[in-house]
Amino acid sequence: MAFTGKYEFEGDENYDEFVVKIGLPSDKVDMGRNCKIVTEVIQNGNDFTWTQHFPGGRTTTNTFTIGKEADMETMGGKSFKATVKIEDGKIVAEFPNYRHTAEISGGKLVETSVASGVVYKRTSKKIA
């Protein structure tokens, strides 16, 4: 599956319930609500650079190779190590307290995170 592209936030489901479940600090909860995040993905075979640009200039970048352990950062800014995999055409990463998947569906980037039974889904449209 080809992920390369630039994607702009289009909509999400269960944001508030999910971020409370993962313990995101309240200042980051408010900052992320309906946030027009632009996600930029560069894929070169199994190597990925996954960057999220937030309004106000904050940027988070995770660089990883499928099947190899990498240093990653959560949406709350915490560092951790993970081995990212591909399962059924989806990118899968086990974050410290949730499981995150990303896939291209209908030309859109669909990211799903699950924590203790709460499912958060973010959809982004391709803009470049």
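Residues numbered from 1 in each chain as written. Predicted model: local features only at pLDDT ≥ 70, side-chain atom pairs only at ≥ 80, totals over all residues. Heavy atoms only, no water.

Asker: Looking at this structure, how should I read the pairing of strand β10 (residues 108–115)?
Answerer: Strand residues, when the strand is regular, have side chains that alternate between the two faces of the sheet. With six of its eight residues buried, β10 lies for the most part within the structure. Bridge analysis of strand β9 (residues 98–105) against β10 gives seven bridges, and the strand direction is antiparallel. By the bridge assignment, Arg99 is partnered in β10 with Val114. Adjacent in sequence and paired antiparallel, β9 and β10 are bridged by two residues, among which Gly106 carries a positive phi angle near 60 degrees. Hairpin remark: β10 followed by strand β11 (residues 118–126), antiparallel, with two residues in the connecting loop; positive phi at Ser116, about 45 degrees. (Buried < 20%, exposed > 50% of the residue type's maximum accessible area, 1.4 Å probe, protein only. Helix = DSSP H or I, 4+ residues; strand = E, 2+ residues; numbered from the N terminus. Pairing = 2+ DSSP bridges.)

Asker: In this structure, what is going on with unusual backbone geometry? I would like to understand it.
Answerer: A negative phi angle is the norm for most residues apart from glycine, just as the trans form is the norm for most peptide bonds. Of note, the phi angle at Asn14 is positive, near 65 degrees, even though the residue is not glycine. Mapped onto the elements, Asn14 comes out in the loop between β1 (5–13) and α1 (15–21). Its relative accessible area of 41% is what places Asn14 among the partly exposed residues.

Asker: When you look at the side chain of Ser124 in this model, what are you seeing that I'm missing?
Answerer: Within the secondary structure layout, Ser124 lies in strand β11. The contacts of Ser124, once residues within four sequence positions are left out, are Tyr7, Glu8, Phe9, Glu10, Lys108 and Leu109. (Contact = heavy atoms within 4.5 Å.)

Asker: Explain the pairing of strand β4 (residues 59–65) to me, please; I cannot follow it from the model alone.
Answerer: By the alternation rule, side chains of β4 split into Thr60, Asn62 and Phe64, which are all buried, and Thr59, Thr61, Thr63 and Thr65, of which none is buried. When strand β3 (residues 47–53) meets β4, the two strands line up antiparallel, connected through seven bridges. Residue pairing for β4: Gln52 is matched across the bridge by Thr60. Linkage of β3 to β4, two consecutive antiparallel strands, is achieved through a turn of five residues, within which Gly56 is found at a positive phi near 95 degrees.

Asker: Teacher, can you tell me more about the pattern of salt bridges here?
Answerer: Where charged atoms from two side chains of opposite charge come close, those side chains can pair. Going through the model one piece at a time under the given rule, you end up with seven salt bridges. When the shortest N-O distance is used, the salt bridge between Glu10 and Lys108 registers 2.7 Å. Linking Glu10 in strand β1 with Lys108 in strand β10, this pair joins segments that are 98 residues apart in sequence. The exposure class of Glu10 is partly exposed, given its relative accessible area of 38%. Note on Lys108: relative accessible area 31%, which makes it partly exposed. Notably, a salt bridge pairs Lys90 with Glu103, separated by 3.7 Å at the nearest N-O pair. Of the two residues, Lys90 is situated in strand β8 (residues 90–95) and Glu103 in strand β9; the sequence distance between them amounts to 13 residues. Under the relative-accessibility criterion, Lys90 is labelled partly exposed at 29%. (Salt bridge = Lys/Arg side-chain N within 4 Å of Asp/Glu carboxyl O.)

Asker: I keep staring at the sheet that holds β9 and nothing clicks. Help me out?
Answerer: Two orientations exist for strands paired in a sheet by backbone hydrogen bonds: parallel and antiparallel. On the basis of which strands lie adjacent, the open sheet formed by nine strands has the order β4-β3-β2-β1-β11-β10-β9-β8-β7 and antiparallel pairing. Among the strands making up the open sheet, the edge pair consists of β4 and β7 (85–87). When the angles between neighbouring strand axes are averaged without regard to direction, this sheet yields 25 degrees. Here six bridges tie β1 to β11, and the two strands are oriented antiparallel to one another. Pairing of Phe9 across the sheet is with Ser124, part of β11. (Axes fitted to C-alpha atoms, helices over the stretch in contact; angles between N-to-C directions.)

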